[in-house]
Amino acid sequence: MEEFSRALEVLLAGETLRLSDTSQDTLPSKIRHQLMRLSDAMAGSRERAARDQQEIREMIAQLAHQMRNPLANLESYLELLDMEEDPGECRFCLDAVKDAERKIRFLTEGFLKMARLEQRIIQIRKDAEDLEKTVLDCILQEQKAAEEKGIELLMTGEHPKPVRHDAVWLGEAVCNLLDNSIKYSPPESVVEVELTANEMFARILVRDFGVGIEPEEEALIFQRFYRGVRTRGSEGFGLGLYLAREIVRQHDGFMKVTRRRQGLETAIYLPEE
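Bear in mind that the values here come from a model prediction, so they are computed numbers and not experimental data.

Reading the values: the criteria
- Numbering of residues starts from 1 in each chain and follows the order in which that chain's sequence is written.
- Whole-chain, interface and lining totals are the exception, using all residues; otherwise, since this is a predicted model, local features are given only for residues with pLDDT of at least 70 and side-chain atom pairs are given and counted only at 80 or more.
- Note that water and hydrogens are dropped before the side-chain values are worked out from all heavy atoms of the structure.
- Strands are runs of DSSP state E lasting at least 2 residues, helices are runs of H or I lasting at least 4, and numbering of each runs from the N terminus.
- Here's how the labels work: a residue is buried when its accessible area is under 20% of the maximum for its type, exposed when over 50%, partly exposed in between, all with a 1.4 Å probe on protein chains only.
- Any two residues having at least one pair of non-hydrogen atoms within 4.5 Å are treated as being in contact.
- Reported accessibility uses the Shrake-Rupley method at a 1.4 Å probe radius. Residues are deemed covered only where the shown protein chains occlude them.
- Within this scheme, the nonpolar core is defined by two criteria: the residues are buried Ala, Val, Leu, Ile, Met, Phe, Trp, Tyr or Cys, and they are joined through side-chain atoms within 4.5 Å.
- Helices are assigned an expected span. That span is 1.5 Å times one less than the residue count.
- As used in this structure description, the phrase polar contact means that two N or O atoms lie within 3.5 Å; if the pair is within protein, one of them must be able to donate a hydrogen and the other to accept it, and residues adjacent in sequence are counted only when both atoms belong to side chains.
- Pairing between strands is defined by DSSP: at least two bridges between them are needed.
- Simply put, an axis is a line fit to the C-alpha atoms, just over the touching stretch for a helix, and the angle between two N-to-C directions goes from 0 to 180 degrees.

1. Quick word on the overall build of the protein chain
Helix and strand content of the protein chain: six helices and seven strands. Scanning the protein chain from its N terminus toward the C terminus, one meets helices and strands in the order α-α-α-β-α-β-β-α-β-β-α-β-β. Here the protein chain holds 273 residues, and 39% of them are scored as buried. At a minimum sequence separation of 6, the contacts of the protein chain that also span at least 24 residues come to 67%. In the form shown here, the protein chain has an accessible surface area of approximately 16,400 Å², with 51% of it arising from carbon and sulfur atoms.

Okay, here's the thing in structure tokens:
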């Protein structure tokens, strides 16, 4: 009993337990084996907690870094408004303040979605839905932004059979892909959306003729806050593809990007059930 009492004290202290003679078919040996399993489980829980804490610290640091510029701009233009008497300059400053506020709101909303998805606070509800309708709704939602750049959105292919998915959240993922393609494509170009299927997967492919990515970036662009080398001069925060992949993962699917000579192909694969 003294041995088991010492073992429990080691566990309570958060230390790693070391016991011998756990292989015999006796009650003390079985208890030793169970204590070792408990020790391993507690060590695993501590490691997961440490990783989670580190990820939270990194997320907060990344968010603070991303918000620094719009907050600084907001402060600067508010100071100018206090000193400015020219109505034209006041209008310019107000527009700049609104732009900074929009960026902060976008970052905050994106961060909250990201945290909720990662912690499974948001539950993906997969129902047998019309995948074509979900994609078409996304195209209609992004139509205005495309028209402002003279970009044509084309939808090809079909998927007549219902696919189990959450139309709202999968729509968010598809809209993120379309938003990226429109943002990084030249005016008067085309963004194609193609629906295909095989026995295992339904595929939603978004193809553009924009700036594309560098060869080594195919494994990087899904990272949180990552900005492609060719897109760093453009507005954006590097959340769209990360959120899209998290949503698709919770649909038990996966995503794939393919570099093209001009532009990029980004595909969502959903399991056929």
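Read on for the rest.
2. Remarks on the nonpolar core
Core analysis: the largest hydrophobic core is formed by 42 residues, its most contacted members being Leu131, Leu178, Ile204, Met255 and Ile268. Looking at this core, the elements that each hand over two or more residues are α3 (87–118), α4 (131–148), α5 (167–183), β4 (190–197), β5 (201–208), α6 (240–249), β6 (254–259) and β7 (264–271). Sorting elements by how many residues they give to this core places α5 first, with eight residues. The residues contacting Ile204, other than those within four sequence positions of it, are Leu131, Val135, Leu170, Val174, Val193, Glu194, Leu195, Thr266, Ala267 and Ile268.

3. Here we look at α5
For α5, with 17 residues, the first-to-last C-alpha span of 23 Å sits near the 24 Å given by 1.5 Å per residue. Extensive coverage of α5 is indicated by the burial of 12 of its 17 residues. For α5, the set of buried residues is Trp169, Leu170, Gly171, Ala173, Val174, Cys175, Asn176, Leu177, Leu178, Asn180, Ser181 and Ile182. A distance of 3.1 Å separates the backbone nitrogen of Val168 from a side-chain oxygen at the start of α5, and that oxygen is part of Asp166.

4. Side note on the sheet that holds β6
As summarised here, the arrangement of the five strands in space is β2-β4-β5-β7-β6, forming an open sheet in which the pairing is mixed. Unpaired on one side and paired on the other, β2 (152–157) and β6 mark the two borders of the sheet. Along the sheet, successive strands turn relative to each other by an average axial angle of 15°, direction set aside. With eight bridges joining them, β5 and β7 adopt antiparallel strand pairing. Following the sheet pairing, Asp208 is matched in β7 by Leu264. Running over the sheet, α6 touches β6 and β7 and is turned about 140° from β6.

5. Points about the pairing of β4
Note that β2 and β4 share six bridges and pair parallel. Of the residues in β4, the one forming a bridge with Met155 is Val193. Direction of pairing for β4 relative to β5: antiparallel, over a ladder of six bridges. Across the sheet, residue Leu195 finds its bridge partner in β5, namely Ile204. Between β4 and β5, which pair antiparallel in sequence order, lie three residues.

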